[in-house]
Amino acid sequence: MPDAPVEDDAVVQNEEEGNVEGTAHGDAPKSFTVFSYLEFCLWNAVDDSTNFQRNFSTGEVEVEGSTIYHKTEYRERRNHYAIYSVNTMKTATQFMMDKVSYNGGFVWNYLPDMSRSWGEMEAKRTMVWIQPPGTPSVGHLLLDAYHATGDEYYYEAARKVANTLIWGQLECGGWNYVFDFAGENSLKSWYDTVGKNGWRLEEFQHYYGNATYDDAGTMEAAKFLLRMYVEKNDAAFRPALEKTIDFVLKSQYPVGGWPQRYPLMHDHPFQGKKDYSSFITLNDDVIPDATEFLIQCYQAMGLQGVKEPIMRAMYLMISLQQGEPYAGWADQYTVDDLKPAHARSYEPRSVNTGTTVRLINLMMEYYKLTADTRFLSGIPAAIHFLESMKLPESDVKKWKRQSNNPEAILVPRFVDPDTGKPLYVHRKGSNVKNGTYYIDQNIENTIGHYNSATFVNPSELRRRYEEVKKIPVSELAKNSPFLQDQLVPLPKYYTRLRGKATEEVARGLVKSLTKDGCWLSPLKSTSNPYKPYTVSGPSEETKYTTTFVGDEHDTSPYPCTTGELCISVGEYIDNMMKLISYLEK
């Protein structure tokens, strides 16, 4: 500790490379001792256990949940509280692993009594969801917590999650949206009831039995297994990881893209249109996510055999851009001629403005990885296409939604690739049996669960483009695994921080942990339980046009407005990341 008092404005300025520089103000001589943070912690522990007058004065101690607020010393003498958070992160994680998970697997939301649970749709207790924020997302979070704390408990919990995913890995090497510990017959029964009757969730109306790239499911699990393997070079994870890598390589088309599902199947033509699951798919980042996974395998494992497939996928993005005047990207493409294709009933064959924004940003990232200016060459035309689709003020008023960004413009989401006309999606009927989706050019009364128009900011895209062009190639080489001759470690943290990680937020999270050890939050969506019904004819009903759900037979989730509380996997992940971020500070 300091041998003489140090004024408040004595500042340590440089602690790099063993050098310590400081400035002391005032006439009195000052001296100080440099010691490690660990040494301070040990000193503090001894002080806590011996200074009874200060630390164990029971007159002014408050206990809330798992937090002890000690007031006497820190409030009266130093004008703030001492907060002892007793294993908040671990307590919450133990609850999730021991009480919420099913054999180490998770869905998205649970009622506190476990009577109902949901992934993207209502789920059985024995089901494990792969789509974020499902089981792989929890695994990533647990590894992040291990990196933040060094506590082996989190690594062992992540290991349990990884083994659960390996149990549910399909023979082909990928994953479906969901698997069921009760067996495939139980899963098929769910598809024939809950899945088949989700009006707006057509991807669950047919059981393929193969794996999907949709909604980042397979790739989220793949990246987690990769992280688990390279964390400690644990050979136990190598077979499942290699199986996944083989799946990704085998399912890639020669041209460089990936289908939505694999092995390829064509057994579900829908409403007179071809089964779209074999189409080359950009929607929901199918190709970008698969490419990113292979890049991570290359940078972390040094797998030379994946570089050519990576490049094939990246350069395909240039070919998939449409020509002017509609120089954007589509969500799906037919394999033989790389033309825009349809998907679900409310995803028409089109050029998608939202996907175009995503691809403009992706092309800039690919330029940073390769220094190849061909990735930048189509960006000006793509930005011009977005600007050309700006809707008139009369349509903006009809849309009845505003953007907080004054630079943003409203554009149709779907644009006919042949005529440039906007394609707006509507529906009529009340459930999967009598309802239909249809397309026209009227922006009013479009479906509520899938926006037919979107706000974009071409000016911001143009600024980013100009900034990227100015980056020296020497700077690009520092950050690209393709431009270095050594392995590049994976990022320390995978999970994104949502919101702020201030002391006030951290204190609130500590307080809000229940006595059972969980965080409760409002249930954001609920659903109608499956209810059998007889087939009815086509309906002209329009009251469900803009809603998330139809009548009582529709099993699609919809916003919950009752205030009912739930145990949310997404909230658990967000709360943990806020505490991890606070620890980092």
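Coordinates for the structure precede this section.
Just so you know, these numbers come straight off a predicted model, no measurement behind them.

(A) Expanded view of the overall build of the protein chain. When helices and strands are tallied, the protein chain shows 18 helices and 24 strands. Looking at the protein chain as a whole, 50% of its 585 residues qualify as buried. Long-range contacts, defined as pairs at least 24 residues apart, comprise 69% of the intrachain contacts of the protein chain with a sequence gap of at least 6. Summed over its atoms, the accessible surface of the protein chain is roughly 27800 Å², and 50% of this surface lies on carbon and sulfur atoms.

(B) View of the pattern of salt bridges. Tallied over the full model, the rule gives 30 salt bridges. Note that Lys-243 is salt-bridged to Glu-171, the shortest N-O span being 3.9 Å. Of this pair, Lys-243 sits in helix 9 (residues 238-251) while Glu-171 sits in the loop between helix 6 (152-168) and strand 10 (178-180), and the two are 72 residues apart along the sequence. Given a relative accessible area of 71%, Glu-171 falls into the exposed group. A salt bridge links Arg-312 to Glu-308, with the shortest nitrogen-to-oxygen separation between them at 2.9 Å. Here Arg-312 and its partner Glu-308 are both found in helix 11 (residues 307-320), four residues apart, which amounts to about one turn of the helix. Residue Glu-308 is classed as partly exposed on the basis of its relative accessible area of 47%. What you see here is one network of salt bridges that share partners, running through Glu-407, Glu-460, Arg-463 and Arg-464.

(C) Spatial organisation of the environment of Asn-479. Mapped onto the fold, Asn-479 is located in helix 16 (residues 473-479). Overall, the relative accessible area of 64% leaves Asn-479 in the exposed class.

(D) Local environment of helix 18 (residues 569-584). Between the first and last C-alpha of helix 18 there are 22 Å, a value that for 16 residues agrees with the 22 Å anticipated at 1.5 Å per step. Counting buried positions along helix 18 yields 12 of 16 residues, so the element is predominantly enclosed. Those residues of helix 18 lying buried are Val-569, Gly-570, Tyr-572, Ile-573, Asp-574, Asn-575, Met-576, Met-577, Lys-578, Leu-579, Ile-580 and Ser-581. Where helix 18 is buried, its residues meet helix 4 (88-100), strand 6 (109-110), helix 5 (135-149), helix 6, helix 17 (503-512) and strand 24 (565-568).

(E) Structural view of the packing of helix 12 (residues 353-370) against helix 13 (residues 379-388). Two elements in contact, helix 12 and helix 13, have axes separated by 10 Å at closest approach and are oriented at 155°. Between helix 12 and helix 13, the angle is such that the two are roughly antiparallel. Crossing hand, helix 12 versus helix 13: left-handed. Contacts between helix 12 and helix 13 pair Thr-353, Thr-356, Val-357, Ile-360, Met-363 and Met-364 from the former with Ile-379, Ala-382, Ile-383, Phe-385 and Leu-386 from the latter. Tallied by class, residues from the contact of helix 12 with helix 13 come to nine nonpolar, two polar and no charged.

(F) Seen up close, the side chain of Thr-526. Among the secondary structure elements, Thr-526 is positioned in strand 22 (residues 525-526). Not counting chain neighbours up to four residues away, the residues in contact with Thr-526 comprise Arg-116, Trp-118, Ser-556, Pro-557, Tyr-558 and Cys-560.

(G) Summary view of the packing of aromatic side chains. Here the structure, examined in full by the defined rule, presents 23 aromatic pairs. Geometrically, the ring pair formed by Trp-129 and Phe-204 is tilted, given 6.1 Å between the ring centres and 45° between the ring planes. Of this pair, Trp-129 sits in strand 9 (residues 127-129) while Phe-204 sits in the loop between helix 7 (184-193) and strand 11 (211-212), and the two are 75 residues apart along the sequence. Here Trp-129 matches Phe-204 in class, with each residue buried. Centre to centre, the rings of Trp-167 and Phe-179 are 5.8 Å apart; their planes meet at 40°, and the pair counts as tilted. Here Phe-179 lies in strand 10 and Trp-167 lies in helix 6, a separation of 12 residues in the sequence. One aromatic cluster is present, built from ring pairs that chain together Trp-129, Tyr-177, Trp-190, Tyr-191, Phe-204 and Tyr-207. The aromatic ring of Tyr-155 is capped on one face by Lys-232, whose charged end is 3.9 Å from the ring centroid.

(H) Quick peek at the packing of helix 4 against helix 18. Across the interface, helix 4 lies against helix 18 with an axial gap of 11 Å and an inter-helix angle of 160°. Comparing their axes, helix 18 and helix 4 come out roughly antiparallel. In the packing of helix 4 onto helix 18, the handedness of the crossing is left-handed. Of helix 18, the residues touching helix 4 (which contributes Thr-88, Met-89, Ala-92, Thr-93 and Met-96) are Val-569, Tyr-572, Met-576, Leu-579, Ile-580 and Leu-583.

(I) Local environment of the environment of Arg-358. Residue position: Arg-358 is located in helix 12. Judged by its relative accessible area of 32%, Arg-358 is partly exposed. It is 8.9 Å that separates the C-alpha atoms of Arg-358 and Asp-285, two residues lying 73 residues apart in sequence. Setting aside anything within four residues of it in sequence, one finds Arg-358 in contact with Asp-285 and Pro-288. Within polar-contact distance, the side chain of Arg-358 engages the side chain of Asp-285 at 3.0 Å.

Thresholds, definitions, all that
In this numbering scheme, every chain counts its residues from 1 along its sequence in written order. Local features in a predicted model are, by the rule used here, given only for residues with pLDDT of at least 70; side-chain atom pairs are given and counted only at 80 or more, and totals for whole chains, interfaces and linings are based on all residues. By convention in this description, side-chain values take in all heavy atoms of the structure and omit both hydrogens and water. By definition, any uninterrupted DSSP run of H or I lasting at least four residues is a helix, any uninterrupted run of E lasting at least two residues is a strand, and each is numbered from the N terminus. Here the term buried applies to any residue with accessible area under 20% of the maximum for its type, exposed to any over 50%, and partly exposed to those in between, with areas from a 1.4 Å probe on protein chains only. Note on contacts: a residue pair qualifies if any of its non-hydrogen atoms lie within 4.5 Å across the two residues. Every accessible area reported is derived by Shrake-Rupley at a probe size of 1.4 Å, with residue values counting cover from the shown protein chains alone. When a carboxyl oxygen of Asp or Glu lies within 4 Å of a side-chain nitrogen of Lys or Arg, that pair is called a salt bridge. Expected helix span is computed as 1.5 Å times (number of residues minus one). Only the stretch in contact is used when fitting a helix axis, every axis being a line fitted to C-alpha atoms; angles between N-to-C directions are given from 0 to 180 degrees. To sort the angles, those under 35 degrees are grouped as roughly parallel, those over 145 as roughly antiparallel, those from 65 to 115 as roughly perpendicular, and the leftovers as oblique. By definition, turning the near helix anticlockwise from the far helix through less than a right angle yields a left-handed crossing, and turning it clockwise yields a right-handed one. Throughout, the ten residues Ala, Val, Leu, Ile, Met, Phe, Trp, Tyr, Cys and Pro are labelled nonpolar, Asp, Glu, Lys and Arg are labelled charged, and all others, Gly among them, are labelled polar. Any pair of Phe, Tyr and Trp rings, taking the six-membered ring for Trp, is counted once the centres come within 6.5 Å. Such a pair is stacked with planes under 30 degrees apart, edge-to-face with planes over 60 apart, and tilted for the rest. Here, a charge over a ring is recorded when the distance from Lys NZ or Arg CZ to the ring centre is within 6 Å and its angle to the ring normal is within 35 degrees. As used in this structure description, the phrase polar contact means that two N or O atoms lie within 3.5 Å; if the pair is within protein, one of them must be able to donate a hydrogen and the other to accept it, and residues adjacent in sequence are counted only when both atoms belong to side chains.

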